[in-house]
Amino acid sequence: VEERKVSLGGLLFNSTSSYSNSFAMKLSAVYCATNQISNSVAMLPINIVRYDQDEKRPISHPVWKILNVAPDKKYNHFNIWKQAIESVILQGNAYFLIERDERLNVKSLNYINADFVQPMMQEDGSVKYLVTGFNRAVESSEIIHLWMHVDENFNGISLLRYAYNTLSSAADTEKTSNNFFKGGAGLNGVLKASATLTNDQKKQIRTSWLEAFTNGGNGVAVLPQGVDYQSVSVNPKDAQLLESQEFNIVQIARFFNISPIKLFQLDEVSYSSMESTELYYLSDTIIPYVTLVEEERHRK
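Rules behind the numbers
Residues numbered from 1 in each chain as written. Predicted model: local features only at pLDDT ≥ 70, side-chain atom pairs only at ≥ 80, totals over all residues. Heavy atoms only, no water. Helix = DSSP H or I, 4+ residues; strand = E, 2+ residues; numbered from the N terminus. Expected span 1.5 Å × (residues − 1). Buried < 20%, exposed > 50% of the residue type's maximum accessible area, 1.4 Å probe, protein only. Axes fitted to C-alpha atoms, helices over the stretch in contact; angles between N-to-C directions. Parallel < 35°, antiparallel > 145°, perpendicular 65-115°, else oblique. Contact = heavy atoms within 4.5 Å. Nonpolar A, V, L, I, M, F, W, Y, C, P; charged D, E, K, R; others polar. 1 Å grid on protein atoms, 1.4 Å probe; cavity = no way out; pocket = protein on both sides within 12 Å on 5 of 7 lines; lining within 4 Å. Points joined across faces, edges and corners; volume = space filled by probe spheres on them.

(A) View of helix α4 (residues 77-91). Compared with the 21 Å implied by 1.5 Å per residue over 15 residues, the 21 Å span of α4 between its first and last C-alpha is a close match. Positive backbone phi, approximately 95°, marks G92, located one or two places after α4.

Here it is, written out as structure tokens:
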């Protein structure tokens, strides 16, 4: 957790954030963006081409089946590339071990969890990889390594690390919203009595109130004569809770380089805006990931 205190649009968050990396995918905007991007890339077919001078010509090749049908024994084409793109977004890296036969033809691409691989920069500028279960460093030529941002040790940097503060605020907003409705939609306050009450009377009134507004109560409390309720809570509008949630969606969309419309932020949406959103999604969101995968496969 991160020690901080943020005031966002009138909503004051706790000094200790409830956000953690494992919580990120529970945020609807993060899940939606990650799911859409990984699905879009995984659904694309992979064509094998031969470069003839300045043009590319599609050809038939045995590696086509490995890339498009069964990359390894555990996954199909969609599963393995969806998992890889999700890993690039959420962990910063995605790895495949290239298995070859005695003639160095590719037999399979074995997906490896990014937690089990550690890149190592060599003095000559090359990279080798420590892979859990291997008794040797794996050469770069044997590994497909996908990343969007990388540090000085050639270890990929996840998008979540850049978006940490935004996701922390979003997590706090989500938690505040849940607590608001769990607590009887914000019915926090004091009961004022015009006469002196005994301790037993106070307990009885408090118990009756809690039964009405928590644990599935019907929301109707009957107060004795001379007892009035005075709210000390802030309603969602005054706390700008809904506005904060909308602001968080826009902020998350910026980090994912995706339109808020694709995250179902549908305020003032028209047919023309939907059309331009899809074109933007293709050119600015999907094509960079497709290019990343294509160039690394081609290089290895």
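(B) Local environment of unusual backbone geometry. Of note, the phi angle at L104 is positive, near 70°, even though the residue is not glycine. Along the chain, the position of L104 falls in the loop between β5 (94-100) and β6 (106-112). Using a relative accessible area of 60% as the deciding quantity, one classes L104 as exposed. Of note, F154 is a non-glycine position whose phi angle comes to about 65°, a positive value.

(C) Seen up close, the packing of α4 against helix α10 (residues 271-299). In contact at an axis separation of 12 Å, α4 and α10 are set at 110° when each is read in the N-to-C sense. For the element pair α4 / α10, the angle class is roughly perpendicular. Contacts between α4 and α10 involve W81, I85, V88 and I89 from the first element and Y289, L292, V293 and R297 from the second. For the contact of α4 with α10, the class distribution of residues is 7 nonpolar, no polar and 1 charged.

(D) Region of the structure containing the layout of surface pockets. Empty space within the largest pocket amounts to approximately 1,000 Å³. Taken together, 32 residues form the lining of the largest pocket, with N47, I48, L67, R297 and H298 sitting closest to its centre. Mapped onto the lining of the largest pocket, the elements with two or more residues apiece are β3 (49-52), α3 (63-68), α4, β5, β6 and α10. A total of 6 residues in the lining of the largest pocket trace back to one element, the largest contributor, which is α10. Classifying every residue of the lining of the largest pocket by side-chain character gives 20 nonpolar, 5 polar and 7 charged.

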